[in-house]
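These are the residues of each chain, in order.
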Amino acid sequence: AMNQAMERLASFDPRGARVVELRVFGGLSVSEAAHLLGVSKRTVDGDWAVAKRYLARALTGEAPS
């Protein structure tokens with residue numbers, strides 16, 4: 001389910017999906033992810049918040065397919 005949700009997220013928010021990969025699976029901090037992606041910490045914070053909400057809804061069946 002998580003893999004499918006990540007694929008759907010990546011289809012409309014590729015950077016958000018990359019932030020999730022870096023933070024969750026890579027163990028990077030917001031600062032580290034921001035540096036690697038070449039964006040601000042604030043941008044990563046926003047992407048992270050949106051992605052977390054989407055994934056939570058997708059994994060409980062609330063997000064659109």
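Residues numbered from 1 in each chain as written. Predicted model: local features only at pLDDT ≥ 70, side-chain atom pairs only at ≥ 80, totals over all residues. Heavy atoms only, no water.

Give a description of the nonpolar core that names residues and reports values.
Counting residues in hydrophobic clusters, the biggest one holds 16 residues, and the most contacted among them are Met 6, Leu 9, Val 20, Val 44, Tyr 54 and Leu 55. Elements represented by at least two residues in this core include exactly helix 1 (2-12), helix 2 (14-25), helix 3 (30-37) and helix 4 (41-59). At 6 residues, helix 4 tops the list of elements feeding residues into this core. (Core = buried A, V, L, I, M, F, W, Y, C linked by side-chain atoms within 4.5 Å. Buried < 20%, exposed > 50% of the residue type's maximum accessible area, 1.4 Å probe, protein only. Helix = DSSP H or I, 4+ residues; strand = E, 2+ residues; numbered from the N terminus.)

Residue-level account of the side chain of Asp 47, with values.
Looking at the secondary structure, you find Asp 47 in helix 4. Assessed through its relative accessible area of 8%, Asp 47 is described here as buried. The residues contacting Asp 47, other than those within four sequence positions of it, are Arg 15, Gly 16 and Val 19. (Contact = heavy atoms within 4.5 Å.)

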